[in-house]
There are 2 protein chains.
Amino acid sequence: MKILLKNGSVVNVFSEELERADVLIENGTIIGVGDYSDEPADKTVDLSGKFICPGFIDSHIHIESTMLSPIEFSRVTVPHGTTSVVADPHEIANVCGTDGLRYMLAASEGLPVSVYFVLPSCVPATSFDEAGAVLSADDLAPFYSEKRVVGLGEVMDYPGVLSKNESVISKIDSAKKHGAIINGHAPLLSGKDLDKYVSMSIRDDHECSSVEEAKERIRKGQRVMIRQGTAAKNLCDLLPLFDKPWSDRCLLVSDDKHPADLLTKGHIDDAVRIAVANGKSPIIAIKMATINAAEHFHLADIGAIAPGYIADILVLDDLDSVKVRDVYKNGKLVVENGSALEITEPKVPEELENRVRGSFNFKTLCEKDLTVDCNEKRNCNVIKILKGQILTEKLVCNIDFSRNNGIDVENDILKIAVVERHHATGHIGLGFINGAGLKSGAIASSVSHDSHNLIIIGTNERDMLVAAEHIRKIGGGLVAVDNEKVICEMPLPIAGLMSDEKADVCAKQNENIRNAAHKLGCPTDVEPFMNMSFVSLPVIPHVKLTTLGLFDVDNFSLISLFAD
Amino acid sequence: MKILLKNGSVVNVFSEELERADVLIENGTIIGVGDYSDEPADKTVDLSGKFICPGFIDSHIHIESTMLSPIEFSRVTVPHGTTSVVADPHEIANVCGTDGLRYMLAASEGLPVSVYFVLPSCVPATSFDEAGAVLSADDLAPFYSEKRVVGLGEVMDYPGVLSKNESVISKIDSAKKHGAIINGHAPLLSGKDLDKYVSMSIRDDHECSSVEEAKERIRKGQRVMIRQGTAAKNLCDLLPLFDKPWSDRCLLVSDDKHPADLLTKGHIDDAVRIAVANGKSPIIAIKMATINAAEHFHLADIGAIAPGYIADILVLDDLDSVKVRDVYKNGKLVVENGSALEITEPKVPEELENRVRGSFNFKTLCEKDLTVDCNEKRNCNVIKILKGQILTEKLVCNIDFSRNNGIDVENDILKIAVVERHHATGHIGLGFINGAGLKSGAIASSVSHDSHNLIIIGTNERDMLVAAEHIRKIGGGLVAVDNEKVICEMPLPIAGLMSDEKADVCAKQNENIRNAAHKLGCPTDVEPFMNMSFVSLPVIPHVKLTTLGLFDVDNFSLISLFAD
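Rules used throughout
Residues numbered from 1 in each chain as written. Chains lettered and ligands numbered in written order. Predicted model: local features only at pLDDT ≥ 70, side-chain atom pairs only at ≥ 80, totals over all residues. Heavy atoms only, no water. Helix = DSSP H or I, 4+ residues; strand = E, 2+ residues; numbered from the N terminus. Rg over C-alpha atoms; globule rule 2.2 N^0.38 Å. Buried < 20%, exposed > 50% of the residue type's maximum accessible area, 1.4 Å probe, protein only. Contact = heavy atoms within 4.5 Å. Areas by Shrake-Rupley, 256 points an atom, 1.4 Å probe, with all protein chains shown as cover. Lys, Arg positive; Asp, Glu negative; His and termini not counted. Charge placed at Lys NZ, Arg CZ, Asp CG, Glu CD. Pairing = 2+ DSSP bridges. Axes fitted to C-alpha atoms, helices over the stretch in contact; angles between N-to-C directions. Least-squares fit on C-alpha atoms with pLDDT ≥ 70 in both. Salt bridge = Lys/Arg side-chain N within 4 Å of Asp/Glu carboxyl O. Polar contact = N/O pair within 3.5 Å; in protein donor to acceptor, adjacent residues only side chain to side chain. Nonpolar A, V, L, I, M, F, W, Y, C, P; charged D, E, K, R; others polar. Expected span 1.5 Å × (residues − 1). Phe/Tyr/Trp six-rings, centres within 6.5 Å; stacked < 30°, edge-to-face > 60°. Lys NZ or Arg CZ within 6 Å of the ring centre and 35° of its normal. Parallel < 35°, antiparallel > 145°, perpendicular 65-115°, else oblique. Left-handed = near helix turned anticlockwise from the far one by under 90°. Patch = residues over 30% accessible without salt bridge, like charges linked within 9 Å, V, L, I, M, F, W, Y side chains within 5 Å. pLDDT = per-residue confidence, 0-100.

A. Geometry of the overall build of chain A. Across its full length, chain A holds 16 helices and 28 strands. For chain A, the C-alpha radius of gyration of 24 Å lies close to 24 Å, the compact-globule estimate for 564 residues. With respect to the three principal axes, the spread of C-alpha positions in chain A is 85 × 50 × 45 Å. The buried share of chain A, taken over its 564 residues, is 65%. For chain A, contacts bridging at least 24 residues in sequence account for 68% of all contacts bridging at least 6. With the model as given, the accessible surface of chain A reaches about 19500 Å², and the carbon-plus-sulfur share is 47%. Side chains of chain A carry 57 positive and 81 negative charges; the gap between the two charge centres is 1 Å.

B. Looking closely at the pairing of strand 27 (residues 549-552) of chain A. Residues and elements named next belong to chain A. Of the pairings in the sheet, the one linking strand 26 (residues 543-546) to strand 27 comprises four bridges and is antiparallel in character. Its bridge partner lying in strand 27, Thr546 is registered against Gly549. Where strand 26 folds back onto strand 27 in an antiparallel hairpin, the turn is made up of two residues. As judged from the three bridges shared by strand 27 and strand 28 (residues 557-559), these two strands associate in the antiparallel manner.

C. Quick peek at the sheet that holds strand 21 (residues 428-434) of chain B. All names here are of chain B. The mixed open sheet is built from eight strands, whose spatial order is 19-18-21-20-23-22-24-25. Bordering the open sheet on either side are strand 19 (392-400) and strand 25 (485-491), each of which pairs with just one other strand. Across the sheet, the axes of successive neighbouring strands diverge by a mean angle of 25°, strand direction being ignored. Sheet analysis places strand 18 (residues 377-385) next to strand 21, joined by two bridges and oriented parallel.

D. Summary view of the relation of the copies chain A and chain B. With an RMSD of 0.1 Å, chain A superimposes on chain B once it is rotated by 180° and translated 0.0 Å along the axis. Here the two chains are linked by the operation of a two-fold rotation axis. Every residue of chain A has its C-alpha some distance from the rotation axis, and the shortest such distance is that of His298 of chain A, at 3.7 Å. Of the interface residues in chain A, 100% have counterparts in chain B that sit at the interface too, so the contact is made through matching surfaces.

E. Layout of the interface of chain A and chain B. Each partner contributes residues to the interface: chain A has 38 residues there, and chain B has 38 residues. The interface formed by chain A and chain B contains eight salt bridges. One can count 20 residue pairs in polar contact (both at pLDDT 80 or more) joining chain A with chain B. Of all the elements in the fold, those that place two or more residues in the side of chain A that touches chain B are strand 2 (17-26), strand 3 (29-34), helix 7 (191-198) and helix 8 (211-219) of chain A. Its residues placed into classes, the side of chain A that touches chain B shows 13 nonpolar, eight polar and 17 charged.

F. Fine view of the sheet that holds strand 27 (residues 549-552) of chain B. All names here are of chain B. Strand order in the open sheet formed by three strands is 26-27-28, with antiparallel pairing between adjacent strands. Of all strands in the sheet, those bounded by a partner on one side alone are strand 26 (543-546) and strand 28 (557-559). Here the strands of the sheet are splayed against their neighbours by 45° on average, with no regard to which way each runs.

G. Fine view of helix 14 (residues 461-473) of chain B. Residues and elements named next belong to chain B. When the terminal C-alpha atoms of helix 14 are compared, their 18 Å separation across 13 residues agrees well with the 18 Å that a helix rising 1.5 Å per residue should span. Residues of helix 14 that are buried: Glu461, Asp463, Met464, Leu465, Ala467, Ala468, His470 and Ile471. Among the residues trailing helix 14, Gly475 stands out with phi positive, at a value near 75°.

H. Looking closely at the pairing of strand 20 (residues 414-419) of chain B. Residues and elements named next belong to chain B. Counting buried residues along strand 20, six of its six residues qualify, which places the element largely inside the surrounding structure. By the alternation rule, side chains of strand 20 split into Leu414, Ile416 and Val418 and Lys415, Ala417 and Val419, which are all buried. With six bridges joining them, strand 20 and strand 21 adopt antiparallel strand pairing. Counterpart to Val418 in the pairing with strand 21 is Gly429. Alignment of strand 20 against strand 23 (residues 454-458), held across five bridges, turns out to be antiparallel. For Ile416, the partnering residue across the bridge sits in strand 23 and is Ile457.

I. View of the packing of aromatic side chains. Across all of its chains, the model carries 14 aromatic pairs over all chains by this definition. A ring pair is formed by Phe14 of chain B and Tyr309 of chain B, whose centres lie 6.0 Å apart and whose planes are at 55°; its orientation type is tilted. Of this pair, Phe14 of chain B sits in the loop between strand 1 (2-12) and strand 2 (17-26) while Tyr309 of chain B sits in the loop between helix 12 (291-296) and strand 14 (313-316); the two residues are 295 residues apart in sequence, bridging distant segments of the chain. Overall, Tyr309 of chain B belongs to the buried group, its relative accessible area being 3%. Aromatic side chains Phe360 of chain B and Phe362 of chain B sit 6.3 Å apart centroid to centroid with 65° between the ring planes, which places their arrangement in the edge-to-face category. Each of the two residues, Phe360 of chain B as well as Phe362 of chain B, counts as buried. Taken together, the ring pairs in this structure connect Phe128, Phe551 and Phe556 of chain A into an aromatic cluster. Note that Arg421 of chain A overlies the ring of Phe360 of chain A, its terminal NZ or CZ placed 4.0 Å from the centroid. Its end group placed over the ring of Phe362 of chain A, Arg472 of chain A keeps NZ or CZ at 4.0 Å from the ring centre.

J. Region of interest: the environment of Pro40 of chain A. All names here are of chain A. Tracing the backbone through its elements, the reader meets Pro40 in the loop between strand 3 and strand 4 (43-46). For Pro40, a relative accessible area of 60% puts it in the exposed group. Sequence separation between Pro40 and Ile3 is 37 residues, and the spatial gap between their C-alpha atoms is 8.9 Å.

K. Summary view of helix 6 (residues 166-177) of chain A. All names here are of chain A. Between the first and last C-alpha of helix 6 there are 16 Å, a value that for 12 residues agrees with the 16 Å anticipated at 1.5 Å per step. Those residues of helix 6 lying buried are Val168, Ile169, Lys171, Ile172, Ser174 and Ala175. On its buried face, helix 6 sits against helix 4 (137-140), strand 9 (149-155), helix 5 (158-162) and strand 10 (181-184). Sitting at the amino-terminal end of helix 6 is Asn165, which places a side-chain oxygen 2.9 Å from the backbone nitrogen of Ser167. Trailing helix 6 by a residue or two, Gly179 shows a phi angle of about 65°, which is positive.

L. Summary view of the pattern of salt bridges. With the rule as written, the count across this model stands at 72 salt bridges over all chains. A salt bridge links Asp99 of chain B to Arg102 of chain B; the shortest N-O distance between them is 3.5 Å. Remark: Arg102 of chain B and Asp99 of chain B occur in helix 3 (residues 98-107); sequence separation between them is three residues, near one turn of the helix. Among the salt bridges present, the one from Asp243 of chain B reaches Lys280 of chain B, with a minimum N-O distance of 3.0 Å. Highlighted residues: Asp243 of chain B in the loop between strand 12 (223-227) and strand 13 (250-253) and Lys280 of chain B in the loop between helix 10 (268-277) and helix 11 (282-289), separated in sequence by 37 residues. Sharing partners across several salt bridges, the network here consists of Glu16, Lys244, Asp248 and Lys287 of chain A together with Glu16, Lys244, Asp248 and Lys287 of chain B.

M. Up close: the packing of helix 3 of chain B against helix 13 (residues 350-357) of chain B. Residues and elements named next belong to chain B. At a closest axis distance of 10 Å, the pairing of helix 3 and helix 13 adopts a crossing angle of 125°. Classed by the angle they form, the pair helix 3 and helix 13 counts as oblique. The way helix 3 lies across helix 13 gives a crossing that is left-handed. Taking contact as the criterion, the partners of Asp99, Arg102 and Tyr103 in helix 3 are, on helix 13, Leu352, Glu353, Arg355 and Val356. When its residues are assigned to classes, the contact of helix 3 with helix 13 shows three nonpolar, no polar and four charged.

N. The side chain of Asp99 of chain A, seen in detail. On the accessibility criterion, Asp99 of chain A (15% relative accessible area) is buried. Excluding anything up to four places from it in sequence, Asp99 of chain A contacts Leu352, Arg355 and Val356 of chain A.

O. Quick look at a positive patch on the surface. A cluster of like positive charges, contributed by Lys164, Lys176, Lys192 and Lys196 of chain A, occupies part of the molecular surface. Along the chain, Lys192 of chain A turns up in helix 7.

P. Looking closely at the confidence of the model for chain A. When the pLDDT values of chain A are averaged, the result is 96; 100% of them are 70 or greater. Predicted complex, confidence summary: ipTM 0.94, pTM 0.95.

If you want it as structure tokens, here you go:
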């Protein structure tokens, strides 16, 4: 099967030129770029006035965070020109362990977006938490033989690296042994500590928030992944990196991106667009979105329009709007005039599918489980949510347990619980939270970083119980409850993290559930479920709640609820 | 063991800056670049006023062509700042097959110059020749598991690639399967033919002789290896490639370099120096000599002064002269003040050593073997040597076989013979040559590309016989004979290609033997042995001589000696 794309202007990521050229494709591979006007082909497309560039590569994304299944993720991103991503299946691995890795591999096979993987390096995030699995270097090692596994995912445990913690070092050593790329995650690390971290061959980072931070990393040999996600948007602060020589060492990533964002703003195309709108060269931005990523991950046959490269090709109307018109994947038209064509569903072995969908395992809760055994006034450590941030602060409040088990709706001191839901250990972390603002009811979620236990915030224990049981019933998801009735739900049956629905339905459900929480009283400038999902992450300062109790991130230790 | 290099100016190949920084090394790896002035170390070196850059990498060299053993090669190149080379052991493989590969691996283990290998793709060069071995894809495959084997060597058989010859395609496919880099060699190939060639994932070329040729290759995704060897000097013609964006896709190589050249001019440092002398940026030239090469070959831990990189470090007096003062290899001082320190000799298994040194196998020759069975005047195809070129031309001369068996010294029509010397097949190619200019005696060599049979040019058969037998006696080398006496020799006992001597002795011997040939009458503007060694290479136009007879390269077929 020969396809000839005629008369387009080709973005050459090697010479940084625009070339008027025909592109000849045979059996999914580009075999000629030049004057092929007389070449016979099975299909000829005239692209006069159009631009041709390589398919975009997202170098770091957690697909689970889009709440979309891999197939739906591909359906929504390929019209934005994404033809490859490097995914870190860190979330599902925390729930399902190696089953989660196997599931993601199977569920992403043959999609119009090639899904490469890096293996999650930090499952669980810390030992002060209970995830669904513990992944050791030995657990991960067999996966390096998978063709689409290209690296070790973001090494978030930088204290572990600096202190040469055996578990994290053994994963790094194993990755090196397998020739895998090691991804970094070490926000604000600098100077000698950064030297120590980078010395372990951790060769990229996606957490840079300032140009100086990024330049230091580039000087030390890391590639910088410029992130433009839903919550974390670093691109505008990092625009100077789109200039030489820095641009040569930069890639574009989304990290975490919500479905509504993917639908309305786009994906890597959005990042390219923003750079161009800010006066940066479209060719350089496209390089960062294509060949720079491919070469970083040693993906030898993607990222360029050149002979021998896989025909992952975008047709753009122009280089300013970066509007993707058509997409060819392996030489096959998969997006025509902006719309994704039919996608063949990957086959996931049934027992694997069942295991991933049957991830809930916790004992039926009763009110007592959510009640602190205390009947007096005590000074307590309280988690304070900060608007627009995943950081929290520690308050000390005097709580009167003789009234409403300590809940004080008027002063926005609500109950929060993190219920272990993987192995029915019965562990429940209880605490109080300020900033969620609910005036009645409860909200709950099976998305709670990184262990994805059940997290619940409520104005009373009964609504919290109803929320918890409903999440179990729907196999995971987000729920809002009022007066012991479910008022809104967003089912996430795949490992309690991903939906079966289409992206637009997902986006709508997500909007609805957010609105429901706001209706219950959560301030409109707080993202209730997003904020809640990070309250359980014990690696982000300052105070968090895990199944084992309150956790002081600054001192890296569990602390008592009571502050007196 | 901690070493601290203080106060130097570090060439940063990522940011393209000069940084005033200390470099901290531990156990052979760079662990810090920055202000480490207070750091305790086992050894501290003050490099105030000096420049620090990564060790140079030659991305394509045939060590055999230096005529030096691997250890001596390292001894002579490391003071020039070479800390790594990618060697194609194509010459020894043509003599000794996989034994040759094993020998080179063993003989280069642990040298101060890291020797990486690409596997020779074209042994023999064509089927119209008799090499010591035939290497198939299956023969090569096991070597990809060797840590230092990084690719498939220059795919010279571009007609084979274009016609999808099964043997060459299977080697390419095997290389791809093993994730190996595939080196190109396709001089002047352009347009659609180049597209076809590059489509096979052949991702570099070192044969570019013009900027336009090089730019076309870069546009098509190849990296261009800018060559500055002894015979082929392309650098000055390619100086514009030292500018952006081209420089990002270029590497520096020597390909074939003679010992005298290495001693007096240098190696990759010479190429950097020439670029700088021509006004190019030393930092960009150093990038091309270091990180560009490392990243092309996926050598993740060399090519930069940054944390986690192996401490292959050069100390330069300045960036204009590019004079190498000290060299650290794996953090160990191996060159001090321009002189190489002691090198530990690699251990080569004795039976391997014996096989490589016992490579001669041909029947004793007699005069009749070197005589054309003819006694009349005939028009004959004659090889004409061209000064300063490895191309030859075809002459047709009327030769009177009744006088001196056809040899006509006065008109510079000399006898040439190529004697099969690997498997005692008894095959001898006989012909006549113009341009060698000997007035008496004979010269002979066991270096004759690519099969390295015994090649002899003479004014009479007796001297040719003496030369042939003497080469056998010394186990290979270059010989000049006059009046049946050896007047000069340069022994090359390692596979008939490499010397046991030090580089300076080698260079002197080489000069002596060249002078001896000139004394016998060879014009001083002809390189007698170099020119002779390419007369047997049936892939360089226009007419050549192999053990099977005269070969017309343009028509790619054997032709008769007789032209009438």
